[in-house]
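# Residue-level structural notes
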Amino acid sequence: MTPHLLTRTLDRSAAIFLAVVAAVGILLPLANLLVPGSSTLHVPTYLMALFGKYLCYALLALSIDLIWGYCGILSLGHGAFFALGGYAMGMYLMRQIGSRGVYGNPVLPDFMVFLNYQSLPWYWHGFDMFWFAALMVIVVPGLLAFGFGWLAFRSRVTGVYLSIITQAMTYALLLAFFRNDFGFGGNNGLTDFKDILGFNVQADGTRAVLFALSCLALIVGFLICRAVVTSKLGKVLIAIRDAESRTRFLGYRVESYKLFVFTLSACMAGVAGALYVPQVGIINPGEFAPGNSIEAVIWVAVGGRGTLIGAALGAVVVNYAKTVFTSGPLAPYWLFMLGALFILVTLLLPKGIIGTFNAWWEPWKAKRDHANAESAAREDGVIEPHMAE
């Protein structure tokens with residue numbers, strides 16, 4: 001990223017957001033590792049894992065806002081790309097268990113031994129190497145998004161029809177991964193992870209590093225999204241969102257722009273899923289559930305569609321509320337509360353938290369700057385005050 005592009009990409013609010021995420025990524029691990037457990041400033045390890053999960057959700061929300069907020073592509077199946085990235089990382093972690101599994105097989109994971117697999121399926125080969133797994137975290141969701149997008153956008157499927165088929169896609173994957181003979185652990189999924197790059201995945205230090213990497217991934221993802229939306233490409237994406245037919249009439253290959261941003265968004269979602277799995281400790285077909293993708297869209301709507309910062313903020317706020325309300329007597333009513341929140345935001349804050357704040361802040365800021373400019377001009381004698389008649 002060139003200095004000119006970086007300067008153009010970062011405005012004041014973006015710089016503040018990045019500074020806050022960077023500060024959190026540094027201070028929380030230090031508070032966990034260096035501050036004694038008896039101190040009020042100590043951050044417990046379980047909170048590190050919880051906050052790390054929120055950061056992964058924030059990166060997923062960013063990927064959705066990139067396509068929905070700036071290109072008008074409402075995907076109700078983005079959880080599929082998140083889950084595929086998680087499964088790619090989970091396969092690497094399963095291969096690292098080796099003979100320490102329940103059945104002691106040095107090659108086959110426990111669930112394959114239980115299901116009488118005679119050899120490792122061909123698509124599991126290579127996942128004993130971290131670099132290969134990291135590559136698949138991006139390649140697998142990216143290829144699925146490219147193939148799906150090429151077919152959908154080439155056929156000019158838009159609007160609610162596109163949303164429905166994205167939901168059908170993730171539901172089809174849900175059914176496939178539930179099958180025991182599919183080779184991914186069936187209903188139980190992948191779990192009981194031991195090591196990542198030779199480090200104990202349950203150790204405090206490993207948890208702290210994973211949390212810091214989640215912050216770094218969110219920062220990089222945000223910079224990529226900002227670079228896209230503030231460039232000429234971003235202007236075309238907004239034009240497609242607001243008037244797709246007119247943009248096509250002007251000579252732009254709308255399908256190519258949509259395909260690029262959709263594939264980029266899927267790769268970001270895959271990275272979020274890969275960071276999510278070692279911190280949570282499990283990946284199962286439930287991550288493909290269409291409800292998860294719909295919930296992610298709600299995060300973006302609550303925070304503010306088309307703001308990027310709002311998408312990340314919405315993911316953290318809604319999931320923190322979910323953690324609070326699902327651990328008490330209100331747990332059975334969480335989905336009703338989530339639906340009510342979405343309805344209230346749609347009716348009272350249609351631009352979301354950040355969008356509503358910007359709508360209030362920008363006119364006030366412009367009025368203040370105008371008043372300051374007039375005051376400075378009078379002091380310099382450029383503008384004479386009006387004399388009372």
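Notes on the structure follow.

Take the overall build of the protein next. Summing up its helical and strand segments, the protein has 15 helices and four strands in all. For 389 residues, the compact-globule formula gives about 21 Å, and the C-alpha radius of gyration of the protein, at 24 Å, lands near that figure. Its C-alpha atoms put the protein at 100 × 60 × 50 Å along the principal axes. Across the 389 residues of the protein, 46% fall into the buried class.

Glancing now at unusual backbone geometry. The phi dihedral of Asn116 falls on the positive side, at around 65°, and the residue is not glycine. Checked against the element boundaries, Asn116 lands in the loop between helix H5 (110–114) and helix H6 (130–154).

What follows concerns the pattern of salt bridges. The final tally for this structure, using the stated rule, is ten salt bridges. A salt bridge links Asp11 to Arg226; the nearest nitrogen and oxygen atoms lie 3.4 Å apart. In this pair, Asp11 sits in the loop between helix H1 (3–9) and helix H2 (12–33) while Arg226 sits in helix H8 (residues 204–229), placing the two residues 215 residues apart along the sequence. A salt bridge links Glu244 to Lys258; its shortest N-O distance comes to 2.9 Å. Residue Glu244 is found in helix H10 (residues 244–249), and its partner Lys258 is found in helix H11 (residues 254–280); the two are separated by 14 residues along the sequence. Pair check on accessibility: Glu244 and Lys258 agree, each one buried.

Summed over all chains, the structure comprises 24 aromatic pairs. Between Phe17 and Phe222, the ring centres sit 4.7 Å apart and the planes meet at 45°, which makes this aromatic pair tilted. Taken as a pair, Phe17 in helix H2 and Phe222 in helix H8 lie far apart in primary sequence, 205 residues in all. Neither Phe17 nor Phe222 differs from the other in exposure class; each is buried. Here Phe51 and Tyr54 contribute two aromatic rings whose centre-to-centre distance is 6.1 Å and whose plane-to-plane angle is 45°, an arrangement assigned as tilted. A residue pair is termed a helical-turn pair when its members lie 3 or 4 positions apart in one helix, as Phe51 and Tyr54 do in helix H3 (residues 45–71) at three residues. Exposure remark for Phe51: the relative accessible area of 25% places this residue in the partly exposed category.

Here we come to the nonpolar core. In this structure, Trp124, Leu190 and Phe288 are the most contacted members of the largest nonpolar core, which totals 107 residues. With 15 residues, H3 is the single largest residue contributor to this core.

Glancing now at the environment of Leu62. Structurally, the position occupied by Leu62 is in helix H3. Residue Leu62 is classed as buried on the basis of its relative accessible area, which comes to 0%. Separated by 159 residues in sequence, Leu62 and Gly221 have C-alpha atoms that sit 7.5 Å apart.

For the rest of this paragraph, the subject is the side chain of Glu295. Mapped onto the elements of the fold, Glu295 is located in helix H12 (residues 290–303). Residue class for Glu295 comes out buried when judged on its relative accessible area of 8%. If sequence neighbours within four positions are ignored, Glu295 has contacts with Asn319, Lys322 and Leu338.

Cut-off values and rules
- Residues numbered from 1 in each chain as written.
- Predicted model: local features only at pLDDT ≥ 70, side-chain atom pairs only at ≥ 80, totals over all residues.
- Heavy atoms only, no water.
- Helix = DSSP H or I, 4+ residues; strand = E, 2+ residues; numbered from the N terminus.
- Rg over C-alpha atoms; globule rule 2.2 N^0.38 Å.
- Buried < 20%, exposed > 50% of the residue type's maximum accessible area, 1.4 Å probe, protein only.
- Salt bridge = Lys/Arg side-chain N within 4 Å of Asp/Glu carboxyl O.
- Phe/Tyr/Trp six-rings, centres within 6.5 Å; stacked < 30°, edge-to-face > 60°.
- Core = buried A, V, L, I, M, F, W, Y, C linked by side-chain atoms within 4.5 Å.
- Contact = heavy atoms within 4.5 Å.

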